[in-house]
Amino acid sequence: MRNDGTYRALRQFTNQSRWHDAGRAGTKLHSRPQYHGWYVALWLFAPAALFLAVAVVLPSSRHLSEKIETNRKLTIVYDTLNSLRRFKDWNPLVLRDPAMQLTLSGPDAGVGARLDYVSKDENLGKGSWEITESVPRKKVSYKIETPERGTNKRTSYSFEPTGRNNRNVQITQTYDIDYGWDLFGRYAGLYVSRNVGDDMKLGLSRLVNMLASVPNVDYAVAGSKMGTPKVMDRPAEDMLFVNAGNVERGNSQIQGSISANAEWLKRVMDANGLEAVGPLRIITTELGRESYNFDVAQVVRKKDGSAIDKVTTQGPVQHVKTPAGKVAVASYTGYMAELENVRNALRAWTITNGYEVTDRAYETYKAGVANSFTEAGEFDVHWPLKSR
């Protein structure tokens, strides 16, 4: 049986306790906003302070260095990097956007030679490479402009003979960039070794592979009887020629074949009222170990100056009209038997300077056939070039 008095007293006590607890809870709830602002400020300030503290101690500049070795001649290595004409063939920048627009300006080589690029890829944007220092056969330096953070971006390639008898060349590439008080830039510098460093490794590897396709002949060696190569315009020509076939590799055999075929050319010229334009040409098809395959050719014109319409040929003689174009040319004085090395040297120079050879090399025998088989031989060696 419930005791009403005791029940009422217990209920009153419980209600009073509830109001007391609610009051205490209300006091605590009303005190929290006083501390909330401090918590927010602390959470905002602490990361910023940490960012600043770390950024201040990070390096304000970065320096990278990579090395690689090649067996190509030092002349070829230096000339390749002292020009921007083969930039697209080795620099990894082009791999990211093969459709990027490249524009060359300034001199063909040396200080002032410049390449500007524009890409539709927002990560690449536009930038440039420009040669700022060129020490023959020792060093080439570039100024680089890119959209990425950092200033005074520069890279240098230095060359040092190495290996047995210094036959190889060690290429050392360095890269430097400044950030100054660009704190975000200093953080970006944490990834330079991964981004730029990886590109340096890839670029040097591609460079060495590209150099391996160049004939390993030093076209600028001291004491060479080969003149300085150059590129010239060749006009459209009328040419008579005879294919000599495979001739045994011997001076007397080759000279005999050239003289006999030159007589055929003379007969056709006389029969058609033609005259020679320049010296006799020898066009090399293949120089083998035991035989030499070549054409004997002569550029001709009408004696009366009129245009050549049709030529009545005889025997093995053929007539062809050759289009105008550009040719790489180098003079040479010496024996005819030494011309194969000159042809390779000229091709090495041509490729190194960003040109592409086509068709077959040929020589003009400026001292006549007989003298060309002595040390008094005088030649102009030509390599036709593909149009750019």
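Rules used in this analysis
Residues numbered from 1 in each chain as written. Predicted model: local features only at pLDDT ≥ 70, side-chain atom pairs only at ≥ 80, totals over all residues. Heavy atoms only, no water. Helix = DSSP H or I, 4+ residues; strand = E, 2+ residues; numbered from the N terminus. Buried < 20%, exposed > 50% of the residue type's maximum accessible area, 1.4 Å probe, protein only. Contact = heavy atoms within 4.5 Å. Areas by Shrake-Rupley, 256 points an atom, 1.4 Å probe, with all protein chains shown as cover. Expected span 1.5 Å × (residues − 1). Lys, Arg positive; Asp, Glu negative; His and termini not counted. Salt bridge = Lys/Arg side-chain N within 4 Å of Asp/Glu carboxyl O. Core = buried A, V, L, I, M, F, W, Y, C linked by side-chain atoms within 4.5 Å. Phe/Tyr/Trp six-rings, centres within 6.5 Å; stacked < 30°, edge-to-face > 60°. Lys NZ or Arg CZ within 6 Å of the ring centre and 35° of its normal. Pairing = 2+ DSSP bridges. Axes fitted to C-alpha atoms, helices over the stretch in contact; angles between N-to-C directions. pLDDT = per-residue confidence, 0-100.

Colleague: Help me out: how do you make sense of the overall build of the chain in this one?
Modeller: Regarding its fold elements, the chain presents 9 helices and 16 strands. Expressed as a percentage of the 388 residues in the chain, the buried residues total 39%. The long-range share in the chain, meaning contacts at least 24 apart out of those at least 6 apart in sequence, stands at 68%. Carbon and sulfur atoms form 52% of the exposed surface of the chain, whose accessible area is close to 22,300 Å².

Colleague: So what exactly am I meant to see when it comes to helix H8 (residues 339-352) here?
Modeller: Three or four residues apart is the spacing at which side chains of an α-helix point the same way, because the helix has 3.6 residues per turn. When the terminal C-alpha atoms of H8 are compared, their 20 Å separation across 14 residues agrees well with the 20 Å that a helix rising 1.5 Å per residue should span. When you tally the buried positions in H8, you get 10 out of 14 residues, the bulk of the element. Along H8, the residues classified as buried are Leu-339, Val-342, Arg-343, Ala-345, Leu-346, Ala-348, Trp-349, Thr-350, Ile-351 and Thr-352. Of the residues one or two after H8, Gly-354 is the one with positive phi, at around 85°.

Colleague: Whenever I open this one, the environment of Gly-227 confuses me. Can you help?
Modeller: Relative to the helices and strands, Gly-227 is located in the loop between helix H6 (192-211) and strand S8 (230-234). Separated by 105 residues in sequence, Gly-227 and Tyr-332 place their C-alpha atoms 6.2 Å apart. For Gly-227, the contacting residues outside a window of four places in its chain are Ala-330 and Ser-331.

Colleague: Please explain the side chain of Arg-234 as it appears in this structure.
Modeller: The topology assignment puts Arg-234 in strand S8. Here Arg-234 occupies a buried position and makes no salt bridge, while the nearest side chain of opposite charge, Glu-237, is found at 4.2 Å. Sequence-distant contacts of Arg-234, that is, excluding residues within four places in its chain, are made with Pro-323, Ala-324, Gly-325, Val-327, Tyr-362 and Pro-384.

Colleague: Is there a simple way to think about the nonpolar core in this case?
Modeller: Soluble globular proteins: nonpolar side chains tend toward being buried together. Counting 77 residues, the largest nonpolar core has Tyr-157, Phe-159, Leu-240 and Ile-258 as its most contacted members. It is H8 that provides the largest number of residues to this core, a total of 7 residues. Those residues in contact with Tyr-157, other than ones at most four positions away along the chain, are Leu-81, Trp-90, Trp-129, Lys-138, Lys-139, Val-140, Tyr-142, Ile-171, Thr-172, Gln-173 and Leu-204.

Colleague: Would you mind showing me how to read the packing of aromatic side chains here?
Modeller: Both the distance between ring centres and the angle between the ring planes are used here to describe each pair of aromatic rings. Within the structure shown, the criterion is met by 9 aromatic pairs. When the centroid spacing of 5.0 Å and the interplanar angle of 85° are considered together, the rings of Tyr-365 and Phe-379 count as edge-to-face. On the criterion of sequence distance, the pair formed by Tyr-365 in strand S15 (residues 362-365) and Phe-379 in strand S16 (residues 378-384) is long-range, its members being 14 residues apart. Taken together, Phe-87, Trp-90, Trp-129, Tyr-142 and Tyr-157 form an aromatic cluster joined through their ring pairs. For the cation-ring pair, Arg-267 lies above Trp-264, with the distance from its terminal atom to the ring centre recorded as 4.5 Å.

Colleague: Is there a simple way to explain the sheet that holds strand S7 (residues 168-178) in this structure?
Modeller: Adjacent strands of a sheet pair through backbone hydrogen bonds, lying either parallel or antiparallel. Strand order across the open sheet formed by 7 strands is S1-S7-S6-S5-S4-S3-S2, with antiparallel pairing between neighbours. Either end of the sheet is taken by a strand with one partner, and the two such strands are strand S1 (61-70) and strand S2 (101-105). Here the average twist between neighbouring strands, direction ignored, is 20°. As paired strands, strand S5 (residues 139-145) and strand S6 (residues 151-162) are joined by 6 bridges and run antiparallel to one another. Bridge assignment links Ile-144 to a residue of S6, and that residue is Lys-153. Its contacts with the sheet place helix H2 (residues 74-81) against S1, strand S4 (126-135), S5, S6 and S7, and it is angled at close to 170° to S6. Against the sheet, H6 engages S1, S6 and S7, with an angle of about 20° to S1.

Colleague: I tried to follow the pattern of salt bridges on my own but got confused; where do I start?
Modeller: Pairing between side chains of opposite charge can happen when their charged atoms approach one another. Enumeration over the complete set of coordinates arrives at 21 salt bridges. Between Arg-85 and Asp-108 there is a salt bridge, with the nearest N and O atoms lying 2.5 Å from each other. Of this pair, Arg-85 sits in the loop between H2 and helix H3 (87-90) while Asp-108 sits in the loop between S2 and strand S3 (114-118), and the two are 23 residues apart along the sequence. Accessibility expressed as a relative area gives 19% for Arg-85, which makes it buried. Ionic pairing is found between Asp-199 and Arg-96, a salt bridge with its closest N-O pair at 2.1 Å.

Colleague: How do you make sense of the confidence of the model for the chain when you look at a structure like this?
Modeller: Low pLDDT marks regions whose predicted coordinates should not be analysed in detail. Residues with a pLDDT of 70 or more make up 82% of the chain, whose mean pLDDT is 88. Per-residue pLDDT stays below 50 along residues 16-31; that stretch engages in 0 contacts with residues further than four places along the chain or on separate chains.

Colleague: What should I look at first to understand the side chain of Arg-114 in this one?
Modeller: Relative to the helices and strands, Arg-114 is located in strand S3. If sequence neighbours within four positions are ignored, Arg-114 has contacts with Leu-84, Thr-103, Leu-104, Ser-105, Ser-128, Trp-129, Glu-130 and Glu-145.

Colleague: Even after reading the chapter, I still don't get H2, so can you show me in this structure?
Modeller: Summarising burial for H2: 7 of the 8 residues are buried, a large majority. Among the residues of H2, Leu-74, Thr-75, Ile-76, Val-77, Tyr-78, Thr-80 and Leu-81 are the ones counted as buried.

Colleague: Please clarify how the pairing of strand S9 (residues 237-248) should be interpreted in this entry.
Modeller: Every regular strand shows the same layout, with side chains that alternate between the two sheet faces. Judged from the 5 bridges that link them, S9 and strand S13 (residues 318-322) form a sheet pairing that is antiparallel. By the bridge assignment, Glu-237 is partnered in S13 with Thr-322. The pairing of S9 with strand S12 (residues 291-302) spans 10 bridges and is antiparallel. Bridge pairing in S12 places Gly-245 opposite Phe-294.

Colleague: What is the right way to read the pairing of S16 from this model?
Modeller: For S16, the buried fraction is high: 6 of the 7 residues fall into the buried class. Relative to S16, strand S14 (residues 325-333) runs antiparallel, the two being bridged by 7 bridges. Within the sheet, the bridge partner assigned to Thr-333 lies in S16 and is Glu-378. Sheet topology places S15 next to S16; 4 bridges connect them, and they run antiparallel. Among the inter-strand pairings, Tyr-365 is bridged to a residue of S16, identified as Phe-379.

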